[in-house]
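Chain by chain, the residues:
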Amino acid sequence: VMSAPLDLPAIHAAFAAREPVASLPSGGPFLAVRTTGVFCRIGCPARTPKLENCEAFADARAALNAGYRACQRCHPLGPDNRVIRAVVRLVEGREARVTEEALRRAGIDPDTARRRFQERLGISAMEYVRLRALGRAANTLSAGGSVTDAQLDADYDSPSGFRAAYAQVLGAAPSRPHLPPLSVDWCDTPLGRMILVGDDATLYLIEFTGSPSLRLTRQFARLAKLHRRPLLPGKSAATRMAAEQVAEYFAGNRRDFTVPLEPTGTDFQKTVWAALQTIPYGQTWSYAQLARAIGRDSAHRAVASANGSNGLALLIPCHRVVASGGGLGGYAGGLPRKAALLRLEGAPGFSDDALI
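Model, not experiment: these values are computed from the prediction.

What counts and what doesn't
- Residues numbered from 1 in each chain as written.
- Predicted model: local features only at pLDDT ≥ 70, side-chain atom pairs only at ≥ 80, totals over all residues.
- Heavy atoms only, no water.
- Salt bridge = Lys/Arg side-chain N within 4 Å of Asp/Glu carboxyl O.
- Helix = DSSP H or I, 4+ residues; strand = E, 2+ residues; numbered from the N terminus.
- Contact = heavy atoms within 4.5 Å.
- Pairing = 2+ DSSP bridges.
- Axes fitted to C-alpha atoms, helices over the stretch in contact; angles between N-to-C directions.
- Buried < 20%, exposed > 50% of the residue type's maximum accessible area, 1.4 Å probe, protein only.
- 1 Å grid on protein atoms, 1.4 Å probe; cavity = no way out; pocket = protein on both sides within 12 Å on 5 of 7 lines; lining within 4 Å.
- Points joined across faces, edges and corners; volume = space filled by probe spheres on them.
- Nonpolar A, V, L, I, M, F, W, Y, C, P; charged D, E, K, R; others polar.

Enquirer: What is the right way to look at the pattern of salt bridges in this model?
Expert: Side chains that differ in sign of charge can pair as their charged atoms come close. Summed over all chains, the structure comprises six salt bridges. The salt bridge partner of Asp-185 is Lys-235, with a shortest N-O separation of 3.3 Å. Here Asp-185, found in strand β5 (residues 182-189), pairs with Lys-235, found in the loop between β8 (231-233) and α10 (237-250); they are 50 residues apart in sequence, far enough to count as distant. Of the charged contacts in the structure, one is a salt bridge between Arg-193 and Asp-188, with a shortest N-O distance of 3.2 Å.

Enquirer: Honestly, the environment of Leu-191 in this entry has me stumped. Any pointers?
Expert: Considering the arrangement of structural elements, one finds Leu-191 in the loop between β5 and β6 (192-198). Counting along the chain gives 147 residues from Leu-191 to Lys-338, while the straight-line C-alpha distance between them is 9.8 Å. Those residues in contact with Leu-191 that sit more than four places away from it in its chain are Phe-208, Phe-250, Arg-337, Ala-340 and Leu-341.

Enquirer: Before we go on, may I ask you to explain the sheet that holds β5 in this structure?
Expert: The strands making up a sheet are joined through hydrogen bonds of the backbone, oriented either antiparallel or parallel. Strands sit in the order β7-β6-β5-β8 across an open sheet of four strands; the sheet is mixed. Only two strands of the sheet have a single partner each, and these edge strands are β7 (203-208) and β8. Across this sheet, the average inter-strand angle for adjacent strands is 30°, counted without regard to direction. Sheet topology note: the β5/β6 ladder contains seven bridges and is antiparallel. From the neighbouring strand, Thr-189 faces β6, where its bridge partner is Gly-192. Along the sheet, helix α6 (residues 125-142) makes contact with β5 and β8, crossing β8 at roughly 110°. In this fold α10 packs onto β5, β6 and β7, with an angle of close to 145° to the strand it touches most, β6.

Enquirer: I would appreciate a short explanation of the pairing of β6 in the present structure.
Expert: Within β6, six of the seven residues are buried, leaving the element largely enclosed by the surrounding structure. Bridge count for β6 against β7 is five bridges, and the pairing is antiparallel. Each residue of the ladder has a partner; that of Gly-198, found in β7, is Leu-203. Between β6 and the antiparallel strand that follows it, β7, lie four residues.

Enquirer: Explain empty space enclosed by the protein here, please?
Expert: In this approach the atoms are scanned with a rolling probe the size of a water molecule, which exposes any empty space left behind. Evaluated as defined, the whole model comprises two cavities of 30 Å³ or more. Computed from the structure, the largest cavity encloses a volume of approximately 60 Å³. In this structure, the largest cavity is lined by Tyr-204, Leu-205, Gln-219, Arg-222, Leu-223, Pro-263, Thr-264, Trp-273, Ser-309, Asn-310, Gly-311 and Leu-312. Those elements that provide at least two residues to the lining of the largest cavity are β7 and α9 (213-227). At three residues, the largest contribution of residues to the lining of the largest cavity is made by α9. When the residues that make up the lining of the largest cavity are grouped by side-chain class, the tally is six nonpolar, five polar and one charged. As a volume, the second largest cavity reaches approximately 30 Å³. Taken together, Leu-64, Asp-188, Thr-189, Pro-190, Val-246, Ala-247 and Phe-250 make up the lining of the second largest cavity. Of all elements in the fold, only β5 and α10 reach the threshold of two or more residues within the lining of the second largest cavity. Split by residue class, the lining of the second largest cavity holds five nonpolar, one polar and one charged.

Everything listed here is a matter of coordinates, which is why it stays silent on function.
Here you go:
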């Protein structure tokens, strides 16, 4: 329910003209499209939808509460993404390296670009470049191409450099048969951007990008080597499904996730993660309760470590495990996020803003 009526035809016309509506707050308005389930800023480069398929919202929270998800082109939940869009354009233009000279030609300060890219996507621009390059190579090999063709598609001049980079990411030489790449995607939430990794069948990873970058880098390397699959920025059926269900969760319209998951860890870790999925929405367990649930009463530390190694945030709800004394305990995504998630779910004892 909106506090004041919005002029949908005027907002739609402004969207079509790519012009802001001066009479409304600078953060809005936002145009939401029923047929796609997405909401956008005025000025989004997406094709103008039909008026009869649209709704208007004064702020992003109202759009999220109505079940819409944020557009991946104009990023209505985040700050100005000009820097990120420019870097991505350079990468997708097949730049072998995002050099300082190339950034300056695009009118961007290199230090600002590196910082903003890392903050927003959770990985560095150079890592993004490498993922795309090796992903192209993997696609070439999967399609029956030669190692030389794959090297050229990855924009490597040196055969030895290409083989070394490929082996570092996949843990195997490029000539070894392997499965197609995993897709790396992003989605926005009220608590920040999340990074997702999956294929058309399964989700392998979902993390907040505000998590320590070294953690994400290790997660990427672990996935690539264990599954013998490089990671390539793009979308897949599993990442799309996860993004939609995460938006529904934050809108208060979903308590259980149905995305097929592929946890990557040891047998002990997988046992802990399976137990986490039995904790009901809106409830919490202590680390001691979690240890008892898997029949390892004295393994509190090992259980806590496995809980912290969970790479499928929200979907495997490690945020529902708290300290025995009633405190929050730890959380890879940060304690403010953990407190916010428990408040969202209405967990008893975690409704006080002073928790963060």
